[in-house]
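# Overview (structure and organization)
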Amino acid sequence: MGIHIIKMPDIGEGIAEVELVEWHVQPGDAVVEDQILADVMTDKATVQVPSPVHGQVVSLGGQVGQVMAVGSELIRLEVEGEGNEHAFKTRAAPAEEPAAAARAEPAAAVMAADAPSAAMSTRPAAPRAEHAAAAEPHVEQAAPVTQVPHAATHAPARPEGQRPLASPAVRRRAWDLGVTLQYVPGSGPAGRITQGDLDAWLARDRNDTSHRTTGSLYQAHDEETAIPVIGLRRKIAQKMQESKRRIPHFTYVEEIDVTELESLRGRLNARYSTERGKLTLLPFLARAMVLALREFPQINARFDDDAGVVTQFGAVHLGVAAQTPSGLMVPVVHHAETLDLWSCAAEIARLAEATRQGKAARDELTGSTITITSLGPLGGIVSTPVINHPEVAIVGVNRVVERPVFQEGRVVARKLMNLSSSFDHRVVDGMHAAEFIQCIRRYLECPALLFVE
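These remarks concern the structure in this document. Because the structure is a prediction, the values reported are computed rather than measured.

A count of helical and extended segments in the protein chain gives 10 helices and 19 strands. A buried classification covers 43% of the 453 residues belonging to the protein chain. Contacts in the protein chain between residues at least 24 apart in sequence constitute 67% of all its contacts with a sequence separation of at least 6.

Here's what the structure looks like:
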């Protein structure tokens, strides 16, 4: 028997370190070739690291949430035969010499290349069941209270420390329902928990009332829940902090009368929704922004503040902030200037769905030049959106409300909506920001102009 060391693989694109977001195995587990060992996360994607060999887990090289360098030791397996530990020791020996020590620091890429090659499955950051409680922006809550069965009635279905086997879909559903999988017996291969096992457990638990107690609505609670900020949630936190630290934001809010626009949208949907799809407000706003950016190209830009260079773009690569079960992400509608209303609506819907399911490609999540953010019916009256660094502007959509308005001496009902937009004051002057939003306002309040070149 020998020891086989698997090192953190080189994911490419110049990435020097990744975050360890989940272990799929524990010490003592038997693994087979191509079995997924761990999930690691880069800036935009989660990468699954498979095992290139059969063996048994001896030790893990890091904790969940730990940032690990490419080429560092990820996991040790006990395997039949000699293993590769001796080869790594042989290569590492010269590093103890002073001359070699000076060259040791940039060796991460070489170490990754020396490690046995293993196919990696790269996907955009998929929703993680363990962190789903942090997903919804309009609900402030800790992790769901876990449904721990009464000790006298239910015993764990497997030995303490043994990880229950279940697919991501089963784990996510169990998380949503507050069920601890450690207590759920599995009927699948190797004791894997299926959806049917989860249904049977829920039915059994509903029929068992021995552990239920009635409490007061005003009962004191002293629980504390510590939730590690890891994975996509950490990336979001870092991105927001970086944006607020680097960019001097200023926010401009304007009220838009969208009565005519909503009337047009209703007529278009009534006539064309069957064959072309349903239109929301966003494709109209996207088209208005495309036209307005022709007059204000300095807003369709990215600012490299380290180099002191502003790059203006002729193409409008429109980021559309989307909420996913694992957090906020910004898929990108590339070349929005080439799309009509229905094409734009279809692309926004496709990207939003792919992002929510964790299937968006890397290039669909990068390259935006300006961003729209909208919370739909939860949009509130005013917001102060955070700019998607290194862009210089973001346009926020608030909800549409019907209010009485004086018009030519009469009180009439009109549909009104605020645009709350933030700008980088280093690049965009207040006057230009106001003129840009007023230009968008003209297009939205007279939607016929959207179709006039």
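From this point, things continue past the structure.
Membership of the largest hydrophobic core comes to 52 residues, with the highest contact counts inside it found for Leu285, Ile299, Leu318, Ile370, Phe423, Phe436 and Ile440. Judged by nonpolar contacts, the second largest core, of 20 residues, contains Ile15, Ala38, Val57 and Leu77.

Here the focus is the packing of helix α8 (residues 281-295) against helix α9 (residues 341-356). With their axes 9 Å apart at the nearest point, α8 and α9 run at an angle of 115° to one another. Helix-helix and strand crossings are classified by hand; for α8 and α9 the assignment is right-handed. On α9, the residues that touch Leu282, Pro283, Phe284, Ala286 and Arg287 of α8 are Leu341, Cys344, Ala345 and Ile348. Grouping the constituent residues of the contact of α8 with α9 by class yields eight nonpolar, no polar and one charged.

This part takes up the pairing of strand β11 (residues 301-304). Here β11 shows one buried face, formed by Ala301 and Phe303, and one open face, formed by Arg302 and Asp304. Examined bridge by bridge, β11 and strand β12 (residues 309-312) share four bridges and lie antiparallel to one another. Counted as the bridge partner of Ala301 is Gln312 from β12.

Moving on to the packing of aromatic side chains. A full pass over the atoms with the stated rule returns four aromatic pairs. With a centroid separation of 6.4 Å and an interplanar angle of 90°, the aromatic rings of Phe423 and Phe436 are classed as edge-to-face. In this pair, Phe423 is assigned in strand β19 (residues 410-424) and Phe436 in helix α10 (residues 430-445), connecting sequence segments 13 residues apart. Like Phe436, Phe423 is buried. Through a chain of ring-to-ring contacts, three or more aromatic side chains come together here, namely Phe250, Phe296, Phe423 and Phe436. A cation over a ring is seen here: Arg276 above Tyr272, with NZ or CZ 4.7 Å from the ring centre. Lying over the aromatic face of Trp342, Arg276 brings its terminal NZ or CZ to 4.6 Å of the ring centre.

Taken together, the side chains of Val253, Ile381 and Val382 present a nonpolar region at the surface, about 260 Å² in accessible area. The partly exposed category is assigned to Val253, whose relative accessible area is 35%.

What the rule picks out here adds up to 18 salt bridges. A salt bridge links Arg234 to Glu19; the shortest N-O distance between them is 3.5 Å. Here Arg234 is found in helix α6 (residues 231-246), whereas its partner Glu19 is found in strand β2 (residues 17-23), with 215 residues between them in sequence. The two residues Arg234 and Glu19 agree in class, both being buried.

The next thing to look at is the sheet that holds strand β17 (residues 370-374). Spatially, β10-β19-β18-β17-β13-β16 is the arrangement adopted by the six strands of the open sheet, whose pairing is mixed. Unpaired on one side and paired on the other, β10 (249-257) and β16 (332-333) mark the two borders of the sheet. Strand direction decides the pairing type here: strand β18 (residues 393-407) and β19, joined by 13 bridges, are antiparallel. Directly across from Glu402, in β19, lies its bridge partner Lys415. Lying over the sheet, α8 contacts β13 (318-320), β17, β18 and β19, oriented at roughly 150° with respect to β17.

Put simply, His389 and Pro390 share a cis peptide bond, and its omega is 15°. With respect to the element layout, Pro390 can be found in the loop between β17 and β18. If you check the backbone angles, His335 has positive phi at about 55° while not being a glycine. Structurally, the position occupied by His335 is in the loop between β16 and α9. Among the residues examined, His335 registers a relative accessible area of 38% and is labelled partly exposed.

This part covers empty space enclosed by the protein. In the structure shown here, the tally under the stated rule is two cavities of 30 Å³ or more. Lining the largest cavity are Pro283, Ala286, Arg287, Val290, Ala336, Leu339, Asp340, Leu341 and Cys344. At the level of elements, α8 and α9 are the ones that each hand at least two residues to the lining of the largest cavity. In terms of residue count, α8 provides more of the lining of the largest cavity than any other element does, four residues in total. Tallied by class, residues from the lining of the largest cavity come to seven nonpolar, no polar and two charged.

Across the 15 residues of β19, 11 count as buried, placing the element largely inside the fold. Of the strand pairs in this sheet, β10 and β19 are connected by nine bridges, and their pairing is antiparallel. The residue of β19 that forms the bridge with Asp257 is Leu416. Turn length for the β18-β19 hairpin, with the two strands adjacent in sequence and antiparallel, is two residues, and the turn residue Glu408 shows positive phi of about 55°.

Calculation notes
- Counting restarts for each chain, with residues numbered from 1 along the sequence as it is written.
- Per-residue local features of the predicted model are confined to residues with pLDDT of at least 70, and side-chain atom pairs are confined, for both listing and counting, to 80 or more; whole-chain, interface and lining totals are unaffected and use all residues.
- Side-chain numbers come from the whole structure's heavy atoms, not from hydrogens or water.
- Labels follow the DSSP assignment, with helices taken as runs of H or I lasting at least four residues and strands as runs of E lasting at least two, numbered in each case from the N terminus.
- Think of it in three bands: with a 1.4 Å probe and only protein chains considered, a residue is buried below 20% of the maximum accessible area for its type, exposed above 50%, and partly exposed in between.
- It only takes one pair of heavy atoms within 4.5 Å for two residues to be counted as in contact.
- The set of buried Ala, Val, Leu, Ile, Met, Phe, Trp, Tyr and Cys residues whose side-chain atoms join them within 4.5 Å is what this entry labels a nonpolar core.
- Note on method: axes are straight lines fitted to C-alpha atoms, helices fitted across the in-contact stretch only, with angles between N-to-C directions ranging 0 to 180 degrees.
- By definition, any crossing whose near helix is turned counterclockwise from its far helix by less than a right angle is left-handed, and any crossing with a clockwise turn is right-handed.
- Ten residues, namely Ala, Val, Leu, Ile, Met, Phe, Trp, Tyr, Cys and Pro, are considered nonpolar, four, namely Asp, Glu, Lys and Arg, are considered charged, and the remaining ones, Gly among them, are considered polar.
- Whether two strands pair comes down to DSSP finding at least two bridges between them.
- Pairing of aromatic rings covers Phe, Tyr and Trp, the last through its six-membered ring, and needs centres within 6.5 Å; plane angles under 30 degrees mean stacked, over 60 mean edge-to-face, and all others mean tilted.
- Think of it as a cone above the ring: NZ of Lys or CZ of Arg counts as a charge over the ring if it is within 6 Å of the ring centre and within 35 degrees of the ring normal.
- What makes a patch is a set of residues exposed beyond 30% relative accessible area and free of salt bridges, joined within 9 Å when like-charged and within 5 Å when nonpolar (Val, Leu, Ile, Met, Phe, Trp, Tyr).
- In this description, accessible areas are obtained by the Shrake-Rupley approach with a 1.4 Å probe, and a residue is regarded as covered only by the protein chains that are shown.
- One side-chain nitrogen of Lys or Arg within 4 Å of one carboxyl oxygen of Asp or Glu is enough to make a salt bridge.
- Points on a 1 Å grid over protein atoms alone make up a cavity when a 1.4 Å probe fits among them but cannot get out, and a pocket when they form an open set with protein on both sides within 12 Å along at least five of seven lines; lining residues each have an atom within 4 Å of a point.
- Grid points are joined across faces, edges and corners, and a volume is the space filled by probe spheres set on the points.

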